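Chains, contacts and geometry: an overview
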Amino acid sequence: MTARTIARELSGMSAPRGTLIPEMSGRASSPVLVGRAEQMAALEAAFVSVRQGGPSAVLLGGEAGVGKSRLVSDFGRTAASAGARVLTGGCLELGTDGLPFAPFTAVLRDLVHEMGADAVASMLPGRTTRGLARLLPELGEPDTGGDPAEARARLFEEVLRALEHLTRHSPVVLVIEDAHWADRSSRDLLMFLIGNQRSLSGLLLVVTYRSDELHRTHPLRPLLASLDRIAWVERIEVQRLTRQDTSELATRILGREPAEDLAEALYHRSEGNPLFVEALLCCDGEVSRELPESLRDLLLESVRRLPEDTQEVLRVASAGGTTTGHSLLRVVSGLDDAALTRAVRPAVIANVLHPSGDGYAFRHELIREAVHDDLLPGEHGRLHSRFAEAIDADPALVPPGRAAIEMAHHWHSAHDSPWALIGAGTGLGEAIAVLDACGQWEVLPTEGGHSSFSPRNELEIGILRFLLRRYEHVSWERVVSGEGLVNVVEALAHDGGAQLPARVAELALRARGDAPAAITAAARAGDPLCKRALETFCALYGAETGNLALKALSTGGVYVAGGIAPKILPELQDGRFRAAFLGKGRMRPLLEAMPVQVVLDERITVLGAAALAAGSATLLPQTRHTPATIP
Ligand SMILES: Nc1ncnc2c1ncn2[C@@H]1O[C@H](COP(=O)(O)OP(=O)(O)OP(=O)(O)O)[C@@H](O)[C@H]1O
Ligand SMILES: [Mg+2]
């Protein structure tokens, strides 16, 4: 609730028009009402009918920002200039259990303000204002005690009488705004007034509500259904503006005709919602690429009210594009059919998602964009990678002919933040990949493997001490590589006063001199020294990967390539690598947001060479690297 809402609530004043986003009130808006001829004609016809003595009520529904208040306000001006008294009361965003009679209190306060309490009291027979005084203490002693039902009936009656009195002098247009927030008492009073309108000639009731807020169990729904059965009640849906009207709106806001491409971009992004048009139109006459903060908050409002598992599915769907198929969403979200349906349902009920074909679309593309923008950097890359992988594995998850283009899109989106690449094999390779401004991959090679080994604990300090006797400079490659694994075994063996076990030497011989393979085999066979060495190796690998990730700020992802990783995948996944990767003190949350994957495609080096030979650095997205995640 905003400070303004609270202030308004305390003062009981009516809601000014267009209070949706107070921070937005500074933006430019159109001096004239654009389009809406049909709706205006309907309102005017209702007004004519009221002037002729007939009862009439108009219910105006439409999504947030579509222009209900603007329409009513412009109509109100027309009606006022034709001699009507226009009274407006807004419901407050306190939920439907909010302050009783809030919009009527606002109307009454305005009346008292305008006419004085005495004049208002004199409108009632015998000046009995005990009912109305419940709403506004200025009107005397309120109706307390006694039968609540009777008191309520008295209040309803007094409101009716007051309106009756007013209509004797001039037609009255009573506008109740934002009825989707109406408290229960207000809904009852509204029903009572409309139901009794026949005895109130000269009163036109106009009620606005956000149709997108009316979920299936919303309390306004039964009221609207009952009102629909009353002959003099008309329901009007305020639709989004057409392409032409959107362009006209831009002209009115800018004071000049927008260029054709701007008008087109504006229509495309706003989808004809006037509030979004205003918010997206920058003062320099451009269409904002970013979502203005206040618009983002508005768009996310309905999403944030949903259960967490629904929001999680929405986050996934936001990466899927305008429409995401049910099966694709199932695969990427990892939920089974029933769980996905359960999670999606509240979003459909709340009108955030619409079923579309065999999938789901966001009600407005900007809601999708706002949810997508809200993803954490790591989450963003991870989700798009998951989409790309899912489509790669089963192209039938997207419409025929779409797989290649969808995959390209997801790979591209997955990696619009840097990647870190590390690969231990014969040596230790480290690189960073970034997308350049043209969307081409640029791989920045480094010699990070030769940077100084930085031990983190006594055990690793021991390894460094041991290796310093052997090398002038102990680089990371001396511990994280095939040779590195042997060094670690030797250091640990030396530390424990043992020689490299004969069994390992023997295994190495059998493995045709492949000592790392022999160490891994011995570790798996239960040799304590080799087991400890392999565990230490994995931790060192994780620690240096974390170092690279910090330096590259690789929120797009961290890829572990090289010949060793696929061979020791179970050990890499057993938690030691991860713990060392994350163990960077205060930077831990940053690293937690970076997905770490092991490249299993053995063709990786060949593909890399091929890409280089082709003079293109688009190696990574094209690599079907069927990665394994390090959880
Ligand atoms: N037809 C129109 N011509 C010109 N401006 C419009 C039109 N419709 C809406 N606007 C402008 O768009 C903005 C949003 O409109 P408005 O506040 O009337 O929306 P709303 O439907 O009442 O939204 P909410 O449900 O949040 O109350 C306002 O600044 C309004 O002046
Ligand atoms: Mg409004």
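The text that follows walks through the structure, step by step, so that each part is easy to find. (Residues numbered from 1 in each chain as written. Chains lettered and ligands numbered in written order. Predicted model: local features only at pLDDT ≥ 70, side-chain atom pairs only at ≥ 80, totals over all residues. Heavy atoms only, no water.)

Another aspect to go through is the nonpolar core. Among the nonpolar cores identified, the biggest contains 55 residues, and Val479, Val480, Tyr541 and Leu572 are the most heavily contacted of them. Of all the elements, helix H24 (residues 528-552) adds the most residues to this core, at 13 residues. Dropping the residues within four chain positions of it, Leu572 is found in contact with Cys538, Tyr541, Ala565, Phe577, Val598 and Ile630. Core analysis: the second largest hydrophobic core is formed by 54 residues, Leu300, Val352, Leu366 and Leu397 among them. (Core = buried A, V, L, I, M, F, W, Y, C linked by side-chain atoms within 4.5 Å. Buried < 20%, exposed > 50% of the residue type's maximum accessible area, 1.4 Å probe, protein only. Helix = DSSP H or I, 4+ residues; strand = E, 2+ residues; numbered from the N terminus. Contact = heavy atoms within 4.5 Å.)

Attention shifts here to the packing of helix H4 (residues 102-115) against helix H8 (residues 184-195). Running from N to C, H4 and H8 cross one another at 70°; their axes reach a closest spacing of 8 Å. Our classification of the angle between H4 and H8 gives roughly perpendicular. Between H4 and H8, the residues in contact are Ala102, Pro103 and Phe104 and Ser186, Leu189, Leu190 and Leu193, respectively. Per-class residue counts for the contact of H4 with H8 are 6 nonpolar, 1 polar and no charged. (Axes fitted to C-alpha atoms, helices over the stretch in contact; angles between N-to-C directions. Parallel < 35°, antiparallel > 145°, perpendicular 65-115°, else oblique. Nonpolar A, V, L, I, M, F, W, Y, C, P; charged D, E, K, R; others polar.)

Its place among the elements puts Gly334 in the loop between helix H15 (326-333) and helix H16 (337-349). By relative accessible area, which is 61% here, Gly334 ends up exposed. Distance from Gly334 to Val313, taken between C-alpha atoms, is 9.9 Å for residues 21 residues apart in sequence.

Our next topic: the sheet that holds strand E4 (residues 203-210). One open sheet holds the 5 strands; their spatial order is E2-E3-E4-E1-E5, and the pairing between them is parallel. The two strands at the open ends of the sheet, each matched to only one other strand, are strand E2 (85-90) and strand E5 (233-237). Strand-to-strand, the axes of this sheet are offset by a mean angle of 15°, without reference to chain direction. Here helix H7 (residues 148-169) sits on the sheet and contacts E2, strand E3 (172-177) and E4; the angle it forms with E3, its principal contact strand, is near 135°. (Pairing = 2+ DSSP bridges.)

Taking 1.5 Å per residue as the helical rise, helix H14 (residues 308-320) with its 13 residues ought to reach 18 Å, and the 19 Å between its terminal C-alpha atoms agrees with that figure. Within H14, the full set of buried residues consists of Thr310, Gln311, Val313, Leu314, Arg315, Val316, Ala317, Ser318, Ala319 and Gly320. Two residues or fewer after H14 comes Gly321, characterised by a positive phi angle close to 105°. (Expected span 1.5 Å × (residues − 1).)

Considering all chains together, one arrives at 34 salt bridges under this definition. Salt-bridge contacts for Asp228 lead to Arg235; the nearest nitrogen and oxygen are separated by 2.6 Å. A relative accessible area of 37% places Asp228 in the partly exposed class. Linked by salt bridges that have partners in common, Glu63, Asp212, Arg240, Glu271 and Arg363 make up one network. (Salt bridge = Lys/Arg side-chain N within 4 Å of Asp/Glu carboxyl O.)

The tally for this structure, following the rule as stated, stands at 8 aromatic pairs. Ring plane angle 25° and centroid distance 4.4 Å describe the contact between Trp419 and Tyr559, whose orientation is recorded as stacked. Taken together, the positions of Trp419 in strand E9 (residues 419-424) and Tyr559 in strand E12 (residues 557-561) put the pair 140 residues apart, joining distant regions of the chain. By way of ring pairs, the aromatic residues Phe537, Tyr541, Phe577 and Phe581 are connected into one cluster. Seen from the ring of Tyr471, Arg478 lies directly overhead, with NZ or CZ sitting 3.8 Å from the centre. (Phe/Tyr/Trp six-rings, centres within 6.5 Å; stacked < 30°, edge-to-face > 60°. Lys NZ or Arg CZ within 6 Å of the ring centre and 35° of its normal.)

Another aspect to go through is helix H23 (residues 515-524). Across the 10 residues of H23, 7 count as buried, placing the element largely inside the fold. Those residues of H23 lying buried are Ala515, Pro516, Ala518, Ile519, Thr520, Ala522 and Ala523. Two residues or fewer after H23 comes Gly526, characterised by a positive phi angle close to 105°.

Further remarks concern the site of ligand 1. The environment of ligand 1 is made up of 23 residues, and the closest members are Gly65, Lys68, Ser69, Arg70 and Arg210. Val66 is positioned such that a nitrogen or oxygen atom in its backbone is 3.3 Å from an oxygen atom of ligand 1. Here an oxygen atom of ligand 1 sits 2.9 Å away from a polar atom, N or O, in the side chain of Glu278. In isolation ligand 1 has 620 Å² of accessible area, and contact with the protein removes 96% of it. Among the secondary structure elements, those contributing two or more residues to the shell around ligand 1 are helix H3 (68-81) and helix H12 (274-280). Residue classes in the shell around ligand 1 are distributed as 9 nonpolar, 5 polar and 9 charged. (Near = heavy atom within 4 Å. Polar contact = N/O pair within 3.5 Å; in protein donor to acceptor, adjacent residues only side chain to side chain. Areas by Shrake-Rupley, 256 points an atom, 1.4 Å probe, with all protein chains shown as cover.)

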